[in-house]
Amino acid sequence: ETGVTQTPRHLVMGMTNKKSLKCEQHLGHNAMYWYKQSAKKPLELMFVYNFKEQTENNSVPSRFSPECPNSSHLFLHLHTLQPEDSALYLCASSQGRVEGRETQYFGPGTRLLVL
Amino acid sequence: AQSVAQPEDQVNVAEGNPLTVKCTYSVSGNPYLFWYVQYPNRGLQFLLKYITGDNLVKGSYGFEAEFNKSQTSFHLKKPSALVSDSALYFCAVRGESSGNTPLVFGKGTRLSVIA
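Definitions and limits used
Residues numbered from 1 in each chain as written. Chains lettered and ligands numbered in written order. Predicted model: local features only at pLDDT ≥ 70, side-chain atom pairs only at ≥ 80, totals over all residues. Heavy atoms only, no water. Helix = DSSP H or I, 4+ residues; strand = E, 2+ residues; numbered from the N terminus. Rg over C-alpha atoms; globule rule 2.2 N^0.38 Å. Buried < 20%, exposed > 50% of the residue type's maximum accessible area, 1.4 Å probe, protein only. Contact = heavy atoms within 4.5 Å. Areas by Shrake-Rupley, 256 points an atom, 1.4 Å probe, with all protein chains shown as cover. Lys, Arg positive; Asp, Glu negative; His and termini not counted. Charge placed at Lys NZ, Arg CZ, Asp CG, Glu CD. Polar contact = N/O pair within 3.5 Å; in protein donor to acceptor, adjacent residues only side chain to side chain. Salt bridge = Lys/Arg side-chain N within 4 Å of Asp/Glu carboxyl O. Core = buried A, V, L, I, M, F, W, Y, C linked by side-chain atoms within 4.5 Å. Disulfide = S-S within 2.5 Å. Buried area = accessible area lost by both parts, 1.4 Å probe. Nonpolar A, V, L, I, M, F, W, Y, C, P; charged D, E, K, R; others polar.

> Explain the overall build of chain B here, please?
For chain B, the count of helices and strands is 0 helices and 12 strands. Across chain B, helices and strands are ordered from the amino to the carboxyl terminus as β-β-β-β-β-β-β-β-β-β-β-β. Expected size for 115 residues packed as a compact globule is a radius of gyration near 13 Å; at 14 Å, chain B falls within 12% of this value. When its C-alpha atoms are laid out on the principal axes, chain B stretches across 45 × 30 × 20 Å. Residues classed as buried in chain B amount to 49% of the 115 residues present. Sequence-distant contacts, at least 24 apart, represent 58% of the contacts inside chain B between residues at least 6 apart. Accessible area of chain B: about 5300 Å², with a carbon and sulfur share of 48%. Positive and negative charge centroids in chain B, built from 10 and 8 side chains respectively, lie 5 Å apart.

Structure representation (structure tokens):
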């Protein structure tokens, strides 16, 4: 395994529900990422946190709200989602010092279905 | 702007034959190049990367990739394919001069190795 865990692995929610995705990394990294992977589309970067500071918000709708309480944990809070938000949500982490040449390590993902 | 192209959606190869998965890129300055593999219902796993130095990079599971600056390519290769290599492969790039621009992923190539 990569040292990045995600829970839950599968989630089904209605459009009015509120839920949260959790990511934890055991690699001592300082940067964490949320990606969205939809069928037939390239991987979409959503958010980046570097040393607990959000450094990237890639025009993500406000119904997705990230939280990074410390360097090891990252959450994605979901509220009033749409069916087109159904996708695999991937968390990744990297060292956080020289982002360009760093390797990102990915968790197994949360498969989200919005009904 | 930086971009990466994987021109083939699908590559089929017979077990035991050599395989190539193609990747070309466009960045400002020198590139940092990565290959990842994704097995069904899993996150992305790092295979190898090129930062600087030798143009031939060796990675996990017997894979290698050759950096070709004149052709702006970074094709993934393996001398003898295994059925277990069947998966989705992603190329990713970031330019050395890209500032805080995140890693850009290709849309992926599905490799199918037939016994």
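What follows picks up the thread again.
> Please clarify how the side chain of Glu 102 of chain A should be interpreted in this entry.
Residue and element names in this part refer to chain A. With respect to the element layout, Glu 102 can be found in the loop between strand S9 (87–94) and strand S10 (105–106). Note on Glu 102: relative accessible area 7%, which makes it buried. Within the structure, Glu 102 has its side chain in polar contact with the side chain of Ser 94 (distance 2.6 Å). Here Gly 96 takes part through its backbone nitrogen, which lies 2.6 Å from a polar atom of the side chain of Glu 102.

> Which parts of the structure should I look at to understand the pattern of salt bridges?
Oppositely charged side chains are able to pair whenever their charged atoms sit close together. Residue and element names in this part refer to chain A. Applying the stated criterion to the full structure yields 5 salt bridges over all chains. Residues Lys 41 and Glu 44 are paired through a salt bridge, measuring 3.6 Å at the closest nitrogen-oxygen approach. Using a relative accessible area of 29% as the deciding quantity, one classes Glu 44 as partly exposed.

> Any chance you could explain the nonpolar core here in plain terms?
Soluble globular proteins tend to pack their nonpolar side chains together in the buried interior. Among the nonpolar cores identified, the biggest contains 28 residues, and Trp 35, Leu 47, Leu 48, Phe 74, Leu 76 and Tyr 89 of chain B are the most heavily contacted of them. No other element matches strand S10 (residues 87–95) of chain B, which puts 4 residues into this core. Discounting residues that sit within four places of it in the chain, Tyr 89 of chain B has contacts with Gln 6, Val 21, Trp 35, Tyr 36, Val 37, Leu 47, Phe 63, Leu 76, Gly 108, Thr 109 and Leu 111 of chain B. Listed in part, the 22 residues of the second largest apolar core include Val 4, Leu 21, Met 46 and Leu 78 of chain A.

> I would appreciate a short explanation of the state of the cysteines in the present structure.
Two cysteines joined by a covalent bond between their sulfur atoms form a disulfide. Scanning all chains against the criterion turns up 2 disulfides over all chains. Between the sulfur of Cys 23 of chain A and that of Cys 91 of chain A lies a disulfide, 1.9 Å long from S to S. Residues Cys 23 of chain A and Cys 91 of chain A are joined by a disulfide whose S-S torsion is about -75°; by sign, that bridge is left-handed. In this pair, Cys 23 of chain A is assigned in strand S3 (residues 18–25) and Cys 91 of chain A in strand S9, connecting sequence segments 68 residues apart. When its relative accessible area of 0% is taken as the criterion, Cys 23 of chain A is described as buried. For Cys 91 of chain A, a relative accessible area of 0% corresponds to the buried category. Each sulfur of the disulfide joining Cys 23 of chain B and Cys 91 of chain B lies 2.0 Å from the other. As the torsion about the S-S bond is roughly -60°, the Cys 23 of chain B-Cys 91 of chain B disulfide counts as left-handed. Placement of Cys 23 of chain B in the loop between strand S3 (19–21) and strand S4 (24–26) and of Cys 91 of chain B in strand S10 is noted, with a sequence separation of 68 residues between them. Here Cys 23 of chain B falls in the buried class, since its relative accessible area comes to 0%.

> Please explain the interface of chain A and chain B as it appears in this structure.
Accessible area lost upon the coming together of the parts is a frequently used measure of interface size. In this assembly, 20 residues from chain A lie in contact with 21 residues from chain B. Between chain A and chain B, the buried area comes to about 1700 Å², and carbon and sulfur atoms account for 54% of it. In terms of surface lost to chain B, no three residues of chain A exceed Gly 100, Arg 101 and Thr 103 of chain A, which account for 28% of the buried area on that side. Inspection of the chain A/chain B interface yields 0 salt bridges. One can count 5 residue pairs in polar contact (both at pLDDT 80 or more) joining chain A with chain B. Of all the secondary structure elements, the ones that give two or more residues to the side of chain A that touches chain B are strand S4 (31–37) and S9 of chain A. Residues that form the side of chain A that touches chain B fall into these classes: 8 nonpolar, 5 polar and 7 charged.

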